[in-house]
Every structure is written in structure tokens, then in C-alpha cells.
Amino acid sequence: MLSLISRNIPKSLWGRIVPTFVVLIAVFAMWRSFAYDIAPVSDPGALEFSSSRLARIAAWQQTQIDAGAFSGAVAAIARNGKVAYLGAAGYRDRDKTIPLQPDAIFWIASMTKPVTSVAAMMLVEEGRLDLAAPVHRYLPEFKDMMVGVETTDPASGQSRLTLEPQKRPMTVEDLLRHTSGLVYEGGNTAVQKLYRESGLYDTGLARDGTLNDFVSRLARLPLAHQPGEVWEYGHSADVLGRVIEVASRQPLDRFLDSRLFQPLGMIDTGFWVPPEKLARLVDAPAGARIRPDRDVTKPTTLFSGGGGLVSTAADYLRFGQMLLNNGELDGARILSPANRPPDAGRIRCRPTFNSPAATWGRVAVRPSGSASGSAAMRPRAGWPGSVGSFTWSGLWGTYFWIDPAERLIAIQLIQVAVGLRPFHPSFSQPDLRRLPGSRPRRADIRNRGDRSGLA
């Protein structure tokens, strides 16, 4: 039949039909990748949300904008695979002249970490990465890293830093669980002072540098803790990003784009914002220190797996829906349904700006809160959420949480510099959880009490 058709079509016309047919196939494939519609449903009540309660989100955001807490915010809530709410309040620019739109692009900072962790687990499932393997199998420079131990002379009161070898090698799983001994520079310990004084950030974060360069500099410094003994926020995900590059034999940006962003239809997520999209990029907060790795307006070769990505609420909803669907979205299988985040269990957590009321690992997971658990590991009162819900946030106020029991995803994106104003981004997290509500229609929802903001 095809040969008969081809014989009856002039070659000049056939030459135009074939490319058109190919384009139509490509368009159909792109359409299918966006089958998860990000337009909010017309009736949130169908998803058991109250429209009047959802309206509290924009009202609360406007109150914060009027008070000068931040310039603008985007929030999105999805349930059962449908978007109940997607809205923006305030302005995109610091001068407050350009209204913020729901498709605004934000630097999501540490919300990059779950993305990097998913990428690592993809390689684990393919047999290309071993969770139990020492990091030095992939990054030889990590083999002889020492651990810094700070002691105080009782007579003089002077503190000094001594070095000791690792009791056991840092593993890939330690990177996923933040139990590697790697930290951030923000603190007063001797190791954190070394981070600041070493030039690690002044020269190691150049946008024309590489992740390999940065990780090699990091490996010359001591660890703050013995691997596996203490949970502390730090550069674990950046090192994990470099491990992914070695295991996949690809730069991190290329691996994420081909294996995650394109299959999931995350069209606005990457390590920098191209010129044609700059009009949607939200201004950095006034007074914020803009290090080279945070200047997302310029192309980069330094792909920070711990905090380099930009994204939108719609894109991150797609990523969250994939997690909620046990690793699949619109026919794209990213992870096995059996894949679960490795967590830090009862490992001691050094206090940070993050809440200790969770089991920390690849994401922060709300535990059962049984009476036998320590008070620090039980859920805080006033933070609605089901057991098993998980969350993460970013430095300038980006935040998401997923509640598998309620089939719910919530995201809020703001940009505010920590420490420059009385408002801290993490203060908005419980507010976002409490503000929306649902129309309870089933007894099991009605009787759950402290859950996902359901009232």
C-alpha cells in the first residue's frame, strides 16, 4: 500500500510530506510528555479542597509581600495527579514593577539535592553505581581524607584541630544520607573555618570551572565527622554529582537533561537560564551575596548537584508526581517502584537550620512518632502531614512536600536572602501546610486529624 501511494505522489511533494510527517510525530511525542496537565482544575472540590481555603494562600502571600518579607511567591498544589491550585502573588523584580507569573523561574538551591539523588539511584538500578562502595572507588582523591577533631586545652582554654584517619571509608550511601562528614562553611567549628580560609569558595565556584575542580579542592580539606556517625548538611550532594559524572561518563547536566528532564517534560529546569527565558527569571533578593555558582544568568560548566538548578513550580510538580507515582510519569519509568530513599535512621543529627523532627536522608521523611522514639525524632505539633510524607527546601525559600497517604504535592517558591530580614524562608513552610484545606467527604479523611492540611 505504501509503495502504491509513493508511486502516485510526485517526488517533490513526497520530499515535503516526509519531513512534515516526522515533525508531526515529534509534536505528538512532545504533547504526550505534557499529558500531566498543570492547569488547575475548575472545581477544586472534586479533589476535596475548599476554594475558599485555597484562597488563603494568595492572601497570606500578599500579607507577607506588603510587610516586605519577600517580593513575590508562586504556590502549587496537586492531588491525585491533578492540579488544585497554581497561583502567583507579588512581583518578579526587586523594584516591584513586573507582576510575578506562575511560570516564573527560580533558583531552587538545595531542592537540587533530591534531583541529584534520584539520578544516583537510577545508576544504582542499572548496576553502574554501588551504594555500599567507598567513594574513593569513583573519586580516588577521597581515599586518604582525614577527619578533623577539635580539642580544647583545659589549662589554656585554647582549641586546636588534630587530624585522624577515617574509621571506615566514606560510602556512596553516606553521600545520599548526608552522613559523609562533609559540611558547609557556615559555622564556627575549626573545619568550617578551614573551608572559608582555604579559598574553596572564592576560586572553586567559578562558573567556568568544573565540578571535578571543586570536588578535588574539597578533598584536600578534613572531614568534620567520621563517615556514618553524624548527619550534617553539607557538600555531600555536590560530591554525589561528581560520582554520577564518573559512573555515567557524562557531565551532570547532560545526564540530568537526557535521563530526567526530557523524559519528565521539565522544560525549564537546568543549571542556567538561556537568554530567551531570562524575562521569566525572578530577581535575586536585594543584598544577597551572589557567588559565581548562584549567577544563573550565565552559562556554566560547574554543575552543582547540591544547589545549582533553576526550575518552575510546574516542572517541580512533574518531578514530585514522578516520586509520588513510585518512579513513573506519563509512561516514563525513572525509578523502580521498590526504590526507597535511604535515610539516616537514628544517627545523631548536628543542629542546623533544618528541622530535626524527621528522619533525614535523601529527603526528610516524617516518622511514625511513636512514644518509643526520641522527642527530636517525633513530628512537631502544628506541622500537618501523614506519616511517610517527605520534604526538602532551598536556601532562598523554595520548598516542597509530598504526602503519599493523601496523594498530595505542595510547592512554594520564593526568593529571600537568609539573615538580611526578620523573615526566614523556613517560617513559611508550616503556614503553607496549614492554609489549604479540603472538603472532607470520607470518614477516613474526616478522622485523620493532623494530616496534610486537610480540615
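Residues numbered from 1 in each chain as written. Predicted model: local features only at pLDDT ≥ 70, side-chain atom pairs only at ≥ 80, totals over all residues. Heavy atoms only, no water.

1. A few points about the overall build of the chain
We apply this condition: Helix and strand labels come from DSSP, where a helix needs a run of H or I of at least four residues and a strand needs a run of E of at least two; each type is numbered from the N terminus. Think of it in three bands: residues with accessible area under 20% of the maximum for their type are buried, residues over 50% are exposed, and the middle band is partly exposed, with areas taken using a 1.4 Å probe on protein chains only. Whether two residues are in contact is decided by their heavy atoms, any of which lying within 4.5 Å being enough. For every accessible area listed, the method is Shrake-Rupley and the probe measures 1.4 Å; residues are considered covered only by the protein chains on display.
When helices and strands are tallied, the chain shows 12 helices and 15 strands. Across the 455 residues of the chain, 53% fall into the buried class. Nonlocal contacts in the chain, meaning residues at least 24 apart in sequence, comprise 69% of its contacts between residues at least 6 apart. For the chain, the accessible area works out to roughly 20100 Å², and carbon and sulfur atoms hold 55% of it.

2. Describing the packing of aromatic side chains
Our working rule: Stacked, tilted and edge-to-face are the three classes applied to pairs of Phe, Tyr and Trp rings, where Trp contributes its six-membered ring and a pair requires centres within 6.5 Å; stacked means planes under 30 degrees apart, edge-to-face means over 60, and tilted covers the rest.
Across all of its chains, the model carries nine aromatic pairs by this definition. Taking the centre distance of 4.6 Å and the plane angle of 80° together, the rings of Trp-107 and Trp-396 count as edge-to-face. Of this pair, Trp-107 sits in strand β3 (residues 106-107) while Trp-396 sits in the loop between β13 (390-393) and β14 (399-403), and the two are 289 residues apart along the sequence. Accessibility assignment for this pair places Trp-107 and Trp-396 in one class, buried. Members of the aromatic cluster, connected to one another through ring pairs, are Tyr-184, Trp-231, Tyr-233 and Trp-392.

3. Description of the pairing of strand β1 (residues 72-79)
Residues in a regular strand project their side chains so that they alternate between the two faces of the sheet. For the record, the criterion: When DSSP finds two or more bridges between a pair of strands, those strands are recorded as paired.
Counting buried positions along β1 yields eight of eight residues, so the element is predominantly enclosed. One ladder, built from eight bridges, connects β1 with strand β2 (residues 82-90); its direction is antiparallel. When the bridges of β2 are listed, Ile-77 appears paired with Tyr-85. Counted between consecutive antiparallel strands, the loop separating β1 from β2 contains two residues, among which Asn-80 sits at a positive phi close to 55°. Alignment of β1 against strand β15 (residues 408-414), held across seven bridges, turns out to be antiparallel. Pairing of Ala-75 across the sheet is with Gln-412, part of β15.

4. Points about helix α3 (residues 51-66)
Condition: Working rule for helices: expected span equals 1.5 Å times residues minus one. Summarising the geometry, the arc corresponds to the directions from the helix axis toward the C-beta atoms.
An ideal rise of 1.5 Å per residue puts 22 Å on 16 residues; α3 measures up with 23 Å between its terminal C-alpha atoms. Within α3 the residues assigned to the buried category are Arg-53, Leu-54, Ile-57, Trp-60, Gln-61, Gln-64 and Ile-65. Buried positions in α3, seen along its axis, are confined to an arc of 155° and lie on one side of it. Residues of α3 that are exposed and point over 90 degrees away from its buried face: Ser-52 and Asp-66.

5. Some points on the packing of helix α4 (residues 112-125) against helix α10 (residues 313-324)
The following threshold applies: All axes here are fitted lines through C-alpha atoms, helices being fitted over the stretch that makes contact, and every angle between N-to-C directions spans 0 to 180 degrees. Oblique is the label for any angle not under 35 degrees, not over 145, and not in the 65 to 115 range, which are roughly parallel, roughly antiparallel and roughly perpendicular in turn. In this scheme the handedness of a crossing depends on how the near helix is turned from the far one: anticlockwise by less than a right angle means left-handed, clockwise means right-handed.
The contact between α4 and α10 brings their axes to 12 Å, and the two run at 45°. By the angle between their axes, α4 is oblique relative to α10. With respect to the hand of their crossing, α4 and α10 are arranged in left-handed fashion. Between α4 and α10, the residues in contact are Pro-114, Val-115 and Val-118 and Tyr-316, Phe-319, Met-322 and Leu-323, respectively.

6. Overview of the nonpolar core
Formally: Think of a nonpolar core as a cluster: buried Ala, Val, Leu, Ile, Met, Phe, Trp, Tyr and Cys residues, connected wherever their side-chain atoms sit within 4.5 Å.
In terms of nonpolar packing, the biggest core is built from 80 residues, with Phe-142, Leu-182 and Leu-260 touching the most fellow members. Counting 12 residues, the second largest nonpolar core, distinct from the first, contains Leu-54, Ala-75, Tyr-85 and Ala-410.

7. Concerning the pattern of salt bridges
Here the idea is simple: oppositely charged side chains can pair when their charged atoms come close. Our working definition: For salt bridges, the criterion is a side-chain nitrogen of Lys or Arg within 4 Å of an Asp or Glu carboxyl oxygen.
Using the criterion set out here, one finds 15 salt bridges in the structure. What emerges from the salt-bridge pattern is a single network uniting Asp-103, Asp-268, Lys-277 and Arg-280.

8. Things to note about the packing of helix α7 (residues 211-219) against helix α8 (residues 236-248)
Threshold: Throughout, the ten residues Ala, Val, Leu, Ile, Met, Phe, Trp, Tyr, Cys and Pro are labelled nonpolar, Asp, Glu, Lys and Arg are labelled charged, and all others, Gly among them, are labelled polar.
Contact pair α7 / α8: the axes reach a minimum separation of 10 Å and the direction vectors enclose 125°. Between α7 and α8, the crossing angle belongs to the class labelled oblique. Considering how the two elements wind past one another, α7 and α8 form a crossing that is left-handed. Contact with α7, carried on its side by Leu-211, Asn-212, Phe-214, Val-215 and Leu-218, involves Asp-238, Val-239, Gly-241, Arg-242 and Glu-245 of α8 and no other residues of that element. Its residues assigned to classes, the contact of α7 with α8 shows five nonpolar, two polar and three charged.

9. Looking at a nonpolar patch on the surface
Applied cut-off: What goes into a patch is any residue over 30% in relative accessible area without a salt bridge, connected to like charges within 9 Å or, for nonpolar side chains (Val, Leu, Ile, Met, Phe, Trp, Tyr), within 5 Å.
Side chains of Met-146, Leu-161, Leu-163 and Leu-194 sit close together on the surface and give an oily, nonpolar patch of about 290 Å² of accessible area. Looking at the secondary structure, you find Leu-161 in strand β5 (residues 159-165).

10. Side note on the side chain of Asp-315
Where we set the bar: We count Lys and Arg on the positive side and Asp and Glu on the negative side, and we leave His and both chain ends out.
As for its placement among the helices and strands, Asp-315 is situated in helix α10. Put simply, Asp-315 is tucked away with no salt bridge, and the nearest opposite charge, on Arg-318, sits 6.1 Å away. Sequence-distant contacts of Asp-315, that is, excluding residues within four places in its chain, are made with Gly-265, Met-266, Ile-267, Asp-268 and Thr-269.

11. Quick look at the confidence of the model for the chain
This is how it is decided: The predictor attaches a confidence to each residue, called pLDDT, with possible values from 0 through 100.
For the chain, per-residue confidence averages 80 on the pLDDT scale, and residues scoring 70 or more make up 74% of the total. Long-range and interchain partners of residues 17-35, a stretch whose pLDDT sits below 50, account for 13 contacts in this model, where long-range means more than four residues apart. Taken as a whole, residues 366-382 scores under 50 in pLDDT and shows 41 contacts with residues more than four places along the chain or in a different chain.

12. As for the side chain of Ser-71
Its location among the elements puts Ser-71 in the loop between α3 and β1. Look at Ser-71 and you get buried, because its relative accessible area is 17%.

13. Brief notes about the environment of Val-387
Tracing the backbone shows Val-387 in the loop between β12 (364-365) and β13. Residue Val-387 is classed as exposed on the basis of its relative accessible area, which comes to 52%. Along the primary structure Val-387 and Pro-404 are separated by 17 residues, whereas in three dimensions their C-alpha atoms are 8.9 Å apart.

14. Observations concerning helix α9 (residues 252-264)
Quick note on the threshold: One axis is fitted to the seven residues ending at the residue and one to the seven starting there. The bend at that residue is the angle between these axes.
Taking 1.5 Å of rise per residue, 13 residues should cover 18 Å, and α9 covers 17 Å from first to last C-alpha, within 8% of that figure. Along α9, the helix axis deviates most sharply at Ser-258, where the bend reaches about 35°. Among the residues of α9, those classed as buried are Leu-252, Phe-255, Leu-256, Leu-260, Phe-261 and Leu-264. Downstream of α9 by one or two residues, Gly-265 has phi in the positive range, about 70°.

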